[in-house]
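Read off the chains here:
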Amino acid sequence: MTTTVRTRVAIVGAGPAGLLLSHLLAAAGIGSIVIDRRERDEIERTVRAGILEQGTVDLLVSSDASTRVLADGHRHDGIELRFDGAGHRFDFPALTGRSVWLYPQHEVLTDLIAARLADGQDLRFGVTATAVRDAASSRPTVVAVDADGAELEIEAEVVVGADGSHGVVRKTVSPTGGHFREYPFAWFGILCEARPSNDVLVYSSADAGFALISQRSESVQRMYFQCEPDTDPAAMSDVQIWAELRKRTPGMRLNEGPIIRRDVLRFRSFVAHELRRGRTVLVGDAAHTVPPTGAKGMNLAVADVVLLDRAIRALLLDGDEGPLDRFPEVAARRIWKAQHFSSWMTNLLHTAPDATDFDRRRRQGELHMLTGSESGRRYLAEAYTGWPFDTAL
Ligand code: PHB
């Protein structure tokens with residue numbers, strides 16, 4: 001037995017991209033159905049990134065998607081970059097007039113899910129997309145199966161793949177795959193119960209490798225250190241983990257506490273060859289992946305959605321297909337800037353396993369060039385706080 005439902009926009013994936021798109025379209029009177037294979041509490045509990053660009057925060061607030069971000073999030077007016085045992089402050093408001101916000105992704109998702117449900121929109125958890133049919137036609141259809149094994153078909157005017165890097169929509173839109181690069185390292189991440197060690201995030205590059213001292217709240221901190229990609233998160237004791245973090249943050253006093261979670265994040269840069277096939281479009285991690293160093297993943301997904309919202313409005317409200325035709329080219333400009341920034345910052349701060357003495361000394365030179373001049377600091381600050389959204393299509 002297959003149930004068929006119709007909607008204007010079928011969105012696969014209830015992550016930041018899918019939910020925000022549904023929210024923005026609803027404000028224009030365009031209905032959508034969002035499906036996700038995960039259950040609601042898994043989505044709301046999964047620990048992901050934590051930094052929002054100023055433009056992302058402004059959009060969440062102005063679109064009424066989240067007001068909590070201002071009350072419960074924390075504005076960060078910079079970051080600290082550490083090397084040779086000393087810290088170098090990047091003062092974002094002075095350099096760019098903008099800041100970033102620490103507000104974990106699962107909080108953004110909690111707010112977006114609440115907003116979608118309060119609005120009476122069709123949001124279905126535990127529903128797994130298995131294929132997209134007639135992707136290039138004017139009636140693309142998502143084929144899905146629910147938790148009980150019942151088949152569902154969602155017939156739409158536009159299908160959006162916001163189902164992450166392992167999603168099913170990418171295969172339909174970009175069957176040849178994408179441009180990618182792998183890195184010879186990963187991050188060992190922990191959540192711990194401790195007070196913050198610093199007022200802003202600390203990105204520390206040491207001979208022993210890289211560490212990032214991030215935060216979640218006054219009492220819980222998120223920290224990462226560079227490790228080998230196949231590291232087993234269970235294989236290290238708490239004592240060993242703290243020793244690794246201390247080795248990578250010389251000269252800094254780290255507040256330690258019980259480790260309540262640990263994971264290993266692999267690094268990959270990826271951009272799908274195609275972002276659109278007819279009326280089926282990719283956004284967010286389904287379209288691209290960045291290594292986490294530049295904190296660009298969720299912010300780039302939001303930027304995709306700002307553009308796609310406009311393209312879909314033009315198509316469905318004005319019958320103008322031009323903006324959707326131009327979406328891949330315009331979106332790709334920001335995607336490749338973010339790709340560059342993320343891989344640049346990754347290479348700047350990490351030590352590759354095969355690094356030579358020349359490589360290490362050259363990198364010290366780059367760190368001094370960057371921190372030692374206002375234009376160097378501004379180069380990083382402009383990218384980190386986020387470029388203005390492209391809105392012209
Ligand atoms: C995080 O807090 O999870 C985080 C912050 C900044 C990054 C990456 C991850 O660049």
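This structure is a prediction, so every number in the text was calculated from the model and none was measured. (Residues numbered from 1 in each chain as written. Predicted model: local features only at pLDDT ≥ 70, side-chain atom pairs only at ≥ 80, totals over all residues. Heavy atoms only, no water.)

(A) Just the overall build of the chain, in detail. Looking only at helices and strands, the chain has twelve helices and 21 strands in total. In terms of overall dimensions, the chain is globule-like: its C-alpha atoms have a radius of gyration of 21 Å, near the 21 Å expected for 393 residues. Seen through its principal axes, the chain has C-alpha atoms that stretch 60 × 45 × 40 Å. For the chain, buried positions account for 57% of its 393 residues. The long-range share in the chain, meaning contacts at least 24 apart out of those at least 6 apart in sequence, stands at 74%. As displayed, the chain has an accessible area near 16,100 Å², and 49% of this comes from carbon and sulfur atoms. Separation of charge centres in the chain, based on 46 positive and 53 negative side chains, amounts to 3 Å. (Helix = DSSP H or I, 4+ residues; strand = E, 2+ residues; numbered from the N terminus. Rg over C-alpha atoms; globule rule 2.2 N^0.38 Å. Buried < 20%, exposed > 50% of the residue type's maximum accessible area, 1.4 Å probe, protein only. Contact = heavy atoms within 4.5 Å. Areas by Shrake-Rupley, 256 points an atom, 1.4 Å probe, with all protein chains shown as cover. Lys, Arg positive; Asp, Glu negative; His and termini not counted. Charge placed at Lys NZ, Arg CZ, Asp CG, Glu CD.)

(B) The nonpolar core, seen in detail. Formed by 106 residues in total, the largest nonpolar core has its most connected members in Leu 308, Leu 380 and Tyr 384. Take this core: its biggest share by element is twelve residues, from helix α9 (residues 297-318). What Tyr 384 contacts, discounting residues up to four positions off in sequence, is Ile 51, Glu 53, Ile 79, Phe 92, Val 100, Leu 201, Tyr 203, Gly 294, Ala 295, Lys 296, Phe 341 and Met 345. (Core = buried A, V, L, I, M, F, W, Y, C linked by side-chain atoms within 4.5 Å.)

(C) Spatial organisation of the site of the ligand. Lining the immediate environment of the ligand, one finds 14 residues, of which Tyr 203, Ser 214, Arg 216, Tyr 224 and Thr 293 sit closest. At 2.9 Å, a backbone N or O of Thr 293 approaches an oxygen atom of the ligand. Across the complex, the protein chains shield 99% of the 280 Å² of accessible surface that the ligand would expose by itself. Tallied by class, residues from the shell around the ligand come to nine nonpolar, three polar and two charged. (Near = heavy atom within 4 Å. Polar contact = N/O pair within 3.5 Å; in protein donor to acceptor, adjacent residues only side chain to side chain. Nonpolar A, V, L, I, M, F, W, Y, C, P; charged D, E, K, R; others polar.)

(D) Looking closely at the pattern of salt bridges. Counted according to the given criterion, the structure contains 33 salt bridges. One salt bridge in this structure joins Arg 279 and Glu 321, with 3.4 Å as the shortest N-O distance. Here Glu 321 lies in the loop between α9 and α10 (322-349) and Arg 279 lies in the loop between β19 (276-277) and β20 (280-282), a separation of 42 residues in the sequence. Judged by its relative accessible area of 32%, Glu 321 falls in the partly exposed class. Residues participating in the shared-partner salt-bridge network are Arg 68, Asp 72, Glu 107 and Asp 111. (Salt bridge = Lys/Arg side-chain N within 4 Å of Asp/Glu carboxyl O.)

(E) Molecular detail of the packing of aromatic side chains. Counting across every chain of the model gives twelve aromatic pairs. Between Trp 187 and Phe 210, the ring centres sit 5.6 Å apart and the planes meet at 20°, which makes this aromatic pair stacked. Taken together, the residues span a long stretch of sequence, with Trp 187 in strand β14 (residues 178-193) and Phe 210 in strand β16 (residues 209-213) at a distance of 23 residues. Using a relative accessible area of 1% as the deciding quantity, one classes Trp 187 as buried. Three or more aromatic residues joined by ring pairs form one cluster here, namely Phe 92, Tyr 183, Phe 185, Trp 187, Tyr 203, Phe 210, Tyr 224, Phe 267 and Tyr 384. Above the plane of the ring of Phe 180 lies Arg 268, whose end atom (NZ or CZ) is 4.5 Å from the centre. (Phe/Tyr/Trp six-rings, centres within 6.5 Å; stacked < 30°, edge-to-face > 60°. Lys NZ or Arg CZ within 6 Å of the ring centre and 35° of its normal.)

(F) Seen up close, the sheet that holds strand β18 (residues 259-272). In space, the eight strands of this open sheet follow the order β7-β6-β15-β16-β17-β14-β18-β21, with mixed pairing throughout. Lying at the two open borders of the sheet, with one neighbouring strand each, are β7 (86-91) and β21 (288-289). Where strand β6 (residues 78-83) meets strand β15 (residues 201-206), four bridges bridge the pair, whose relative direction is parallel. Along β15, the bridge assignment pairs Leu 81 with Tyr 203. Sheet strands in contact with helix α8 (residues 238-247) are β14, β15, β16, β17 (220-227) and β18, and its direction is about 75° off that of β17. (Pairing = 2+ DSSP bridges. Axes fitted to C-alpha atoms, helices over the stretch in contact; angles between N-to-C directions.)

(G) The arrangement of the packing of α9 against α10 in detail. The contact between α9 and α10 brings their axes to 10 Å, and the two run at 170°. Considered as vectors, α9 and α10 are oriented roughly antiparallel to each other. Residues Leu 300, Ala 303, Asp 304, Leu 307, Leu 308, Ala 311, Ala 314 and Leu 315 of α9 form the contact with α10, whose own contacting residues are Pro 323, Leu 324, Phe 327, Val 330, Ala 331, Arg 334, Ile 335 and Ala 338. (Parallel < 35°, antiparallel > 145°, perpendicular 65-115°, else oblique.)

(H) Geometry of unusual backbone geometry. Even without a glycine there, the phi angle at Asp 134 is positive, about 55°. Along the polypeptide, Asp 134 turns up in the loop between β10 (128-133) and β11 (141-145). The backbone phi angle of Ala 295 is positive, close to 55°, even though this residue is not glycine. The residue Ala 295 is located in the loop between β21 and α9 in this model.

(I) Structural view of the packing of α10 against helix α12 (residues 374-385). Between α10 and α12, whose axes approach to 11 Å, the crossing angle comes to 125°. With respect to their mutual orientation, α10 and α12 come out oblique. The two elements α10 and α12 cross, and the hand of that crossing is left-handed. Contacts between α10 and α12 involve His 340, Phe 341, Trp 344 and Met 345 on the former and, on the latter, Tyr 379, Leu 380, Ala 383 and Tyr 384. Tallied by class, residues from the contact of α10 with α12 come to seven nonpolar, one polar and no charged. (Left-handed = near helix turned anticlockwise from the far one by under 90°.)

(J) Just the sheet that holds β10, in detail. What the four strands build is an open sheet, ordered β1-β12-β11-β10; its pairing is mixed. The sheet is open, and its two edges are formed by β1 (2-6) and β10, each paired on a single side. Averaged over neighbouring strand pairs, the angle between their axes works out to 25° when direction is ignored. Across five bridges, the pairing between β10 and β11 is antiparallel. Paired with Val 132 across the bridge in β11 is Val 142.

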